[in-house]
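Each chain, letter by letter, is given below.
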Amino acid sequence: MPKDELKSEYKLVGTRPDRPDGLDKVTGRARYGADFSMPGMLFAAVVRSPHAHAKILKIDASKALALEGVKAVVTRADFPDGLTGEDWNLQENTIANDTALYDGHAVAAVAATSALLARDAAKLIEVEYQVLPHVTDVDEAFAPGAPAVRPGSADHSVSSREVDLPDNVRHNVVREIEFGHGDVEAGFAEADLVREGTYKTEATHQGYIEPHACVGQMGADGRGEMWVCTQGQWFIRKFCAAVLGIEASGLRVTASEIGGGFGGKTTIFMEPLALALSRKAGGRPVKLVMTRSEVLRATGPTASASMDVKIGMKKDGTLTAARAVFRMQGGAFPGSPVDLALTCAFASYKLPNVEHIGYDILANRPKCAAYRAPGAPMGAFAVESLIDEMARELGLDPLDVRLKNAVAEGDKSSYGPTYNRIGLVEVLEATKAHPNLSVPLGPNQGRGVATGFWFNHGGETSVSVSVTEDGTATVSIGTPDIGGLRASIALMVAETFGIGYDDVRVNVVETGALGFNEPSHGSRATFASGKAAVTSAQSCIKQMCQRAADKWGIDAEAVEWVDGAAQPAGPNAGKFPPMTMKEIAETMGATGGPISGHNETTMDGVGASFGTHVVDVEVDPETGRTTILRYLVVQDAGKAVHPSYVEGQYQGGAVQGIGWALNEEYVYGKDGRLQNPIFLDYRVPVASDLPMIDTVIVEVPNPGHPYGVRGVGETGITPPLPAVANAIADAVGVRMKHLPMNPPKVLAAIKAKANG
Amino acid sequence: MTKVHVTTTVNGEEVEFLADPRETLLDCLRDKLDMTGAKEGCGTGDCGACSVTVDGTLVCSCLVLGVEAQGKKVETVEGIADGEELHPLQRKFIEHAALQCGICTPGFLVAAKNLLEKNPDPTETEIRYWLAGNLCRCTGYDKIIRAVQDAAAEMRGAA
Ligand code: FES
Ligand code: FES
């Protein structure tokens, strides 16, 4: 078992039972997005732009429609006009209007009686394009005079006041951000050492192994159903309804099992196409499954970033001031996570003087989607690299520098609010104490440290818990189970009731069965659905105490709930044998009816999670290849409900970060086409690239959750980018400022250093 | 396009289907035989989610044509358990939390079973290289490797 430091005061919370959906998932029975079929179902394929930027002059589908078995073709003309804001963005990204904005942008879709036929038909749809100038690099898109991705969409409302950005010269800047506190220049003047650097990260994809897939059915009345792999069935309903101009309540959405999401399945990409095709094909269900290259060309990725950071530090490591100027492109639509990147950039540190400036930039790339702690890894790469460099220059231990400046309860955060109970100091101390830090390093080996942060999200949540007629419990949640959620919810509900883990059945339900739920995103599922489930269970307990009180003829206040049973609270309440949940449930029909509890809320009480990673690498000076020798994740979980799945989040986040640091990137050709749209060329880490990933779960309970839970899903991807860069610097003395740190780049840096 | 009649054995049962010559074995398993345990993660032989064995050889079923299965013996994730009795690998995957989303799990189980049939006592490095053709984006592989090691030990009677 990986190392951890758990002490449990609970019977169930903190244990590691088998997950309830495990059996289905190891036998191949679990049904994921593409595994669902319906009678009379058609299959769809999508026609996509081969150009990065092009006017669509004409779409001719007559040859496709002439094929026997082709039932419908849709283009933008089949969607309503007049949408605005993000609704329009979603519609435009689903299917292009008169301009294709990136390589892979959908322009038409076809439904036919077989998948092969649909693919053949898609090839027969003729699209005439007029190619326009394009731009894909973030700095090039930012530059004055760059080709305008969406003419007229520039917004310089902040900088036009004072910065040298004459209106509409930087055509692709659609949002500017500025915030901070203190006097940054005075802070730099106080420092013994001031350093600045420019850092760049490339776009990466969430890389979930399951491509997007759905089956959609909709009639002429605008009512329909959808089965889809998603992190959030209510978001699918809301966005599809907006894009199609139908009522949200008319659409019933069921989430399948989901083969990974990491933020990339919190929105829509092609789902409205299946519904529109179904409507046009007389209401026959339509299955639409993306290929891997469609996934890489047209869904997900995260933003690419170009970042300037300046930091002032005293000789003893105390930070005096910091400034970040981040530029991020998130594709051909507003919404790069530059705001979140800035918010997280300095969140680990006490900073009297701090300034953040951000630019959200358009480029001819797919619309970016959330990816695990959106923005935070990029910001961390810049900030944690520079802090490391400065600590080394001053001869200070990088962990001590972080401890010296670490935020704690009551400190004002770099982004404004004051922290409540947080665990960064505990995390750093646990890191210092870990044996990995005393392993001696050999030649060309180096050790890198970095810290990361994610605030977590509460979000709109609806949960219901019912007492089942045999005394077990049935829980309905609306957040899909991507990595052990059913197990964690069952543990908390069973703990609350005082019944067995196996006596709780947790169902992820469809949109008709609960009120609105945000997706499993923002590290919120265990936190928010768990908290709502505990509240709901407590409501059931209250009702069960009432039933017992009625039976005993005493006040409900004189009844308490202990170990799964109602009992008189103290000798004055009377002498009755405890009534178990089973006994109450078996008679509930006759004692007042079914017993259920529910909770609908925008969840409050989130607790931020900090983590520190330590990585040992060896760099081959002949090839520039970096090998991960050892990897340690230390992170605050508040309380680990099911520690194995918490470790899994730590390990998975770290490895995604390692991939981002060393290999992964979107490579665009001069023609603006994605050059690496398959897994052979978009290389994610494989088992032979890695060692075991050591984990330490620190538990500083979150006061905002009944079991102290903090969301743990996202923080883990934040430190690896700078930690690996810092380790490479330690190993071979080169400071890599542009990801990925692949062998050619590292080798070039080593050679440049030798020659320079 | 004329379809081809294919007779093959899947998990010990003789089955037949009509395949378009362009359809892969993965398509045929999933769409003709309703065996959706093998998954398509890439369709280009890069992710291993579609792993099955054909006459004992581990293959990506997305790179094999359905018509090539004629007269062969195909084994899939659906055939790993013996009735109600899970294979040690299946049990250990659950016990070690070696799956998060679980989409990669069928492929890993088929590939790991094939490894342990050839090499009952693999080193960690051997396991990592044998499974290098199976992508998992969720776990970072740590718990998968431990589950395979533990299952191997149990199967050797060393646990
Ligand atoms: S689907 Fe066959 S290897 Fe990925
Ligand atoms: S568990 Fe999700 S890809 Fe492996």
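Residues numbered from 1 in each chain as written. Chains lettered and ligands numbered in written order. Predicted model: local features only at pLDDT ≥ 70, side-chain atom pairs only at ≥ 80, totals over all residues. Heavy atoms only, no water.

### Quick notes on the pattern of salt bridges
Side-chain pairing between opposite charges can occur once the charged atoms of the two side chains come close. All names here are of chain A. Inspection of every chain in the model, using the stated rule, returns 60 salt bridges over all chains. Arg-323 is the partner of Glu-185 in a salt bridge, and the nearest nitrogen-oxygen pair spans 2.6 Å. In this pair, Glu-185 is assigned in helix 6 (residues 184-190) and Arg-323 in strand 14 (residues 319-329), connecting sequence segments 138 residues apart. In this structure, the salt-bridge partner of Glu-699 is Lys-639, at a minimum N-O distance of 3.7 Å. (Salt bridge = Lys/Arg side-chain N within 4 Å of Asp/Glu carboxyl O. Helix = DSSP H or I, 4+ residues; strand = E, 2+ residues; numbered from the N terminus.)

### Examining the domain arrangement of chain A
All names here are of chain A. The assigned domain composition of chain A is domain 1 (375-456 + 607-754) and domain 2 (458-603). On a C-alpha basis, the centres of domain 1 and domain 2 stand 39 Å from each other. Of the residues lining the interface, 15 residues belong to domain 1; the matching set on domain 2 comes to 16 residues. Summing the contributions of domain 1 and of domain 2, the shared interface buries around 1200 Å²; its carbon and sulfur component is 65%. (Domains from an automatic or database assignment. Contact = heavy atoms within 4.5 Å. Buried area = accessible area lost by both parts, 1.4 Å probe.)

### Thoughts on the environment of A:Glu618
Residue and element names in this part refer to chain A. Relative to the helices and strands, Glu-618 is located in strand 24 (residues 609-619). C-alpha of Glu-618 to C-alpha of Cys-540: the two residues are 78 residues apart in sequence and 56 Å apart in space. Discounting chain neighbours no more than four positions away, the residues touching Glu-618 are Pro-443, Asn-444, Gln-445, Arg-625, Thr-626, Thr-627 and Leu-629. At a separation of 2.7 Å, a polar atom in the side chain of Glu-618 contacts the side chain of Gln-445. (Polar contact = N/O pair within 3.5 Å; in protein donor to acceptor, adjacent residues only side chain to side chain.)

### Comments concerning the interface of chain B and chain A
With 47 residues of chain B at the contact, the number on the chain A side is 55 residues. When chain B packs against chain A, close to 4200 Å² is buried across both sides, 59% of that on carbon and sulfur atoms. On the chain B side of the interface with chain A, the three residues burying the most area are B:Ile94, B:Gln100 and B:Arg137, jointly 20% of the side's total. Summed over the shared surface of chain B and chain A, the number is 5 salt bridges. When the shortest N-O distance is used, the salt bridge between A:Asp120 and B:Arg22 registers 3.0 Å. For the side of chain B that touches chain A, the secondary-structure elements that each account for two or more residues are helix 2 (88-95), helix 3 (105-118), helix 4 (124-130) and helix 5 (142-156) of chain B. Per-element accounting of the side of chain B that touches chain A gives the leading share, 5 residues, to helix 5 of chain B.

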